[in-house]
Amino acid sequence: MSGEFESVDKSLKKHLPPSEYAEVRRILYGNEVSKLEFSSEVQSEAEQKDFEVQGYGFSALKEEERPARIVRVGAIQNKIVLPTTAPVVEQTFYIVFQAAALRQRISDIIDTAAKCGVNIICLQEAWTMPFAFCTREKHPWCQFAESAEDGPTTKLLQELAKKYNMVIISPILERDGNHGDILWNTSVVISNTGTVLGISRKNHIPRTGDFNESTYYMEGNTGHKVFQTQYGKIGINICYGRHHPQNWLMYGVNGAEIVFNPSATVGALSEPMWCIEARNAAIANSYFTCAINRVGTELFPNEFTSADGKPAHKDFGHFYGSSYVAAPDGSRTPTEIF
Ligand SMILES: NC(=O)NCCC(=O)O
């Protein structure tokens, strides 16, 4: 979403006659996906806790010899809970409060996702913190980093994964205590039994002028790992890796059936590409893709420049959400939540 404009979907629906809208949508989005209905318990829980739930099903021909394998994938599109300038005098308190508030909110969302029967859920890039990499400041943002294996976020999600028999993909800012506290942009993959299956580190780092995340971490060293889970083989292509077709290809070569793209991206950097890249990857590599972006505008205490040609400012831009899932036949879910 940019400014007052909410979404292509909403605009098309508003301005096209229904018969033309159906045809335009068929061409833009491929085969129709079916909208899933959720129980009144799920709906009222979401309303009470101030989030929305949307679900869609992709259809496939039933085979005679093999039973259908239905995998329910969840994508959490969220915004930070406290402003980055929250009136907490001590920055360390701020870290504690922001992370705690986010963990609480995400636990609530995962509780509801479990009621929707979700098997594999993925959070957005660096979900435990504001997307502060645009500031290039070390403090206090690097204090959000934590161990992938036994940090507080992983511990919490291990409990939830076990409780709900759910695979959880948790993209965090990782501090690798075994190697000099080096930082990485990492997705932790937690199995449905609550064990850490492994990690996958972001392998393409944006360096677009002075928006330069290599201030914090360099290209990951975990290759294009694919994790065998109870529900299928999954890979994680973090944010900027989305721009590189060879990156998507390698997850496919390594056997991925679903590739997640946890992201944090804003209109000026990527919005026209967003709806193409993960969808194209699904078609080109014959797997499902799940592109997840955060929402909201995050205002930082100090001004910074961020490769948009503007004078120094305090926000990186608007995170336009628009998360979606795409299938190998090119069909995709609509964008109904921003
Ligand atoms: N987080 C991140 O990699 N942002 C890059 C923005 C983009 O190119 O989508």
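Being a predicted model, the structure only gives us computed values, none of them experimental. (Residues numbered from 1 in each chain as written. Predicted model: local features only at pLDDT ≥ 70, side-chain atom pairs only at ≥ 80, totals over all residues. Heavy atoms only, no water.)

Trainee: I would appreciate a short explanation of the site of the ligand in the present structure.
Mentor: Lining the immediate surroundings of the ligand are 14 residues, of which Glu125, Lys202, Arg242, His243 and Thr265 lie closest. Between the ligand and Tyr240, the relevant distance is 3.4 Å, taken from an oxygen atom to a main-chain nitrogen or oxygen of the residue. Between the ligand and Thr265, the relevant distance is 2.7 Å, taken from an oxygen atom to a side-chain nitrogen or oxygen of the residue. Protein contacts shield 98% of the accessible area of the ligand, which totals 290 Å² for the unbound molecule. (Near = heavy atom within 4 Å. Polar contact = N/O pair within 3.5 Å; in protein donor to acceptor, adjacent residues only side chain to side chain. Areas by Shrake-Rupley, 256 points an atom, 1.4 Å probe, with all protein chains shown as cover.)

Trainee: Please explain the nonpolar core as it appears in this structure.
Mentor: In globular proteins that are soluble, nonpolar side chains generally tend to be buried together. Within the largest apolar cluster, 27 residues are counted, with the highest numbers of intra-cluster contacts made by Ile110, Ile121, Leu157 and Ile168. For this core, the elements supplying multiple residues, two or more each, are α3 (40-48), α4 (91-115), α5 (152-164), β5 (167-176) and β6 (182-190). Examining the composition of this core, we find that five residues originate from one element, α4, more than from any other. With residues near it in sequence (within four places) discarded, Ile168 still touches Ile110, Ile121, Leu123, Leu157, Leu160, Ala161, Val188, Val189 and Ile190. Formed by 25 residues, the second largest nonpolar core is a distinct cluster that contains Cys142, Tyr217, Phe300 and Phe304. (Core = buried A, V, L, I, M, F, W, Y, C linked by side-chain atoms within 4.5 Å. Buried < 20%, exposed > 50% of the residue type's maximum accessible area, 1.4 Å probe, protein only. Helix = DSSP H or I, 4+ residues; strand = E, 2+ residues; numbered from the N terminus. Contact = heavy atoms within 4.5 Å.)

Trainee: What exactly am I supposed to notice about empty space enclosed by the protein here?
Mentor: Gaps left between atoms are located by rolling a probe of water-molecule size over the structure's atoms. Tallied over the full model, the rule gives one cavity of 30 Å³ or more. Residue lining of the largest cavity: Arg25, Tyr29, Gly30, Asn31, Glu32, Val33, Arg332 and Pro334, and that is the complete set. The residue makeup of the lining of the largest cavity, split by class, is three nonpolar, two polar and three charged. (1 Å grid on protein atoms, 1.4 Å probe; cavity = no way out; pocket = protein on both sides within 12 Å on 5 of 7 lines; lining within 4 Å. Points joined across faces, edges and corners; volume = space filled by probe spheres on them. Nonpolar A, V, L, I, M, F, W, Y, C, P; charged D, E, K, R; others polar.)

Trainee: Would you take a moment to explain the environment of Phe133 for this structure?
Mentor: For Phe133, the location among the structural elements is in the loop between β4 (120-122) and α5. If near-sequence neighbours (up to four positions away) are discounted, Phe133 is found in contact with Ala126, Leu173, Asn185, Glu213, Tyr216 and Tyr217.

Trainee: What should I look at first to understand α5 in this one?
Mentor: Because the α-helix completes a turn every 3.6 residues, residues three or four places apart line up on one side. Between the first and last C-alpha of α5 there are 19 Å, a value that for 13 residues agrees with the 18 Å anticipated at 1.5 Å per step. Of the residues making up α5, those classed as buried are Thr153, Thr154, Leu157, Gln158, Leu160 and Ala161. Once α5 finishes, Asn165 follows within two positions and takes phi at roughly 55 degrees, a positive value. (Expected span 1.5 Å × (residues − 1).)

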